[in-house]
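# Inside the fold
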Amino acid sequence: NNEPTHRVLRQYGTTWTWELPTRNALANLLSSIGLPDPNIVGIRKRFSPPMERGGDEQWIRDTAMQLSTMLRSFRSWPPLSRQWVVQTISKAHCPRDGIAAVIMSVLDDKMNLQGLRNVSEAQKDRLKQHMLRGTLCEDMHAAFKQQQEKRAQTPWSHR
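Residues numbered from 1 in each chain as written. Predicted model: local features only at pLDDT ≥ 70, side-chain atom pairs only at ≥ 80, totals over all residues. Heavy atoms only, no water.

## Some thoughts on the pattern of salt bridges
Within the structure shown, the criterion is met by four salt bridges. In this structure, Arg126 engages Asp56 in a salt bridge whose closest nitrogen and oxygen atoms are separated by 2.2 Å. In this pair, Arg126 is assigned in helix α6 (residues 121–133) and Asp56 in helix α3 (residues 55–72), connecting sequence segments 70 residues apart. Across the pair Arg72 and Asp139 runs a salt bridge whose closest N-O atoms are separated by 2.5 Å. In this pair, Arg72 sits in helix α3 while Asp139 sits in helix α7 (residues 136–153), placing the two residues 67 residues apart along the sequence. The partly exposed category is assigned to Arg72, whose relative accessible area is 32%. What emerges from the salt-bridge pattern is a single network uniting Asp56, Glu57 and Arg126. (Salt bridge = Lys/Arg side-chain N within 4 Å of Asp/Glu carboxyl O. Helix = DSSP H or I, 4+ residues; strand = E, 2+ residues; numbered from the N terminus. Buried < 20%, exposed > 50% of the residue type's maximum accessible area, 1.4 Å probe, protein only.)

Right under this line is the structure:
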């Protein structure tokens, strides 16, 4: 019986991280050590300028989709980041303008957190336009309202 080991695993979990070129490479590595059918979850996706293979339009669509997914999840971000999103949207003339400001800040990427620092202004503008055409604004506005309601019900010490 490995009860002490099981307690440790239950307490600390079994999440591991690796940097490998592809998910298949990671799956093969895990299978080779006896861990078949692992649940592989990417924890961070950086974007790079478009390559010749997919072309610029494909890169714009893919990157806009991935950034939109990230922005839709802002309610799960760390508290200061959530607060920044809510304040940015609140200060704007209308929610759509605030959401556009959040998008532009993410696209500006001064710290290169998304790997977009060297992407041209024209590409960033196309990304913004692509993101604003979809349901991102409506989805973020709904999440924004939920976050405001939650904040109104939460004591100041727990925000």
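## Considerations on the packing of aromatic side chains
Under the definition given, this model contains one aromatic pair. Plain terms: the ring middles of Phe74 and Trp77 are 6.4 Å apart, the flat faces sit at 75 degrees to each other, and that makes the pair edge-to-face. Accessibility assignment for this pair places Phe74 and Trp77 in one class, buried. (Phe/Tyr/Trp six-rings, centres within 6.5 Å; stacked < 30°, edge-to-face > 60°.)

## Focus: the side chain of Lys128
Considering the arrangement of structural elements, one finds Lys128 in helix α6. No salt bridge is formed by the buried Lys128; its nearest oppositely charged neighbour, Asp125, is found at 4.6 Å. Look past the residues within four positions of Lys128 in its chain and what remains in contact with it is Ile103, Met104 and Leu107. (Lys, Arg positive; Asp, Glu negative; His and termini not counted. Contact = heavy atoms within 4.5 Å.)

## Regarding the packing of helix α5 (residues 95–108) against α7
The geometry of α5 relative to α7 is characterised by a closest axis approach of 10 Å and an angle of 105 degrees between their N-to-C directions. As the angle between them shows, α5 and α7 are arranged roughly perpendicular. Of α7, the residues touching α5 (which contributes Pro95, Arg96, Ile99, Val102 and Ile103) are Leu136, Cys137, Met140 and His141. (Axes fitted to C-alpha atoms, helices over the stretch in contact; angles between N-to-C directions. Parallel < 35°, antiparallel > 145°, perpendicular 65-115°, else oblique.)

## Considerations on the nonpolar core
Grouped together as the largest cluster of nonpolar side chains are 26 residues, with contacts concentrated most on Leu71, Phe74, Val85, Ile103, Met131 and Met140. Residue assignment for this core shows that the elements contributing at least two residues are α3, α4 (79–91), α5, α6 and α7. The element contributing the most residues to this core is α5, with six residues. Beyond its immediate stretch of four places on either side in the chain, Phe74 contacts Arg82, Val85, Val86, Met140, Ala143 and Phe144. (Core = buried A, V, L, I, M, F, W, Y, C linked by side-chain atoms within 4.5 Å.)

## A word on α6
Along its 13 residues, α6 runs 18 Å from first to last C-alpha, staying within 8% of the 18 Å computed at 1.5 Å per residue. Restricting attention to buried positions, one finds in α6 the residues Gln123, Lys124, Leu127, Lys128, Met131 and Leu132. (Expected span 1.5 Å × (residues − 1).)

## As for the layout of surface pockets
Space inside the second largest pocket adds up to approximately 480 Å³. Residue lining of the second largest pocket: 15 residues in total, with Trp77, Trp84, Val106, Leu113 and Gln114 positioned closest to the centre. When residues of the lining of the second largest pocket are traced back to their parent elements, those giving at least two are α4 and α5. Sort the elements by how many residues they give to the lining of the second largest pocket and α5 lands first, with three residues. (1 Å grid on protein atoms, 1.4 Å probe; cavity = no way out; pocket = protein on both sides within 12 Å on 5 of 7 lines; lining within 4 Å. Points joined across faces, edges and corners; volume = space filled by probe spheres on them.)

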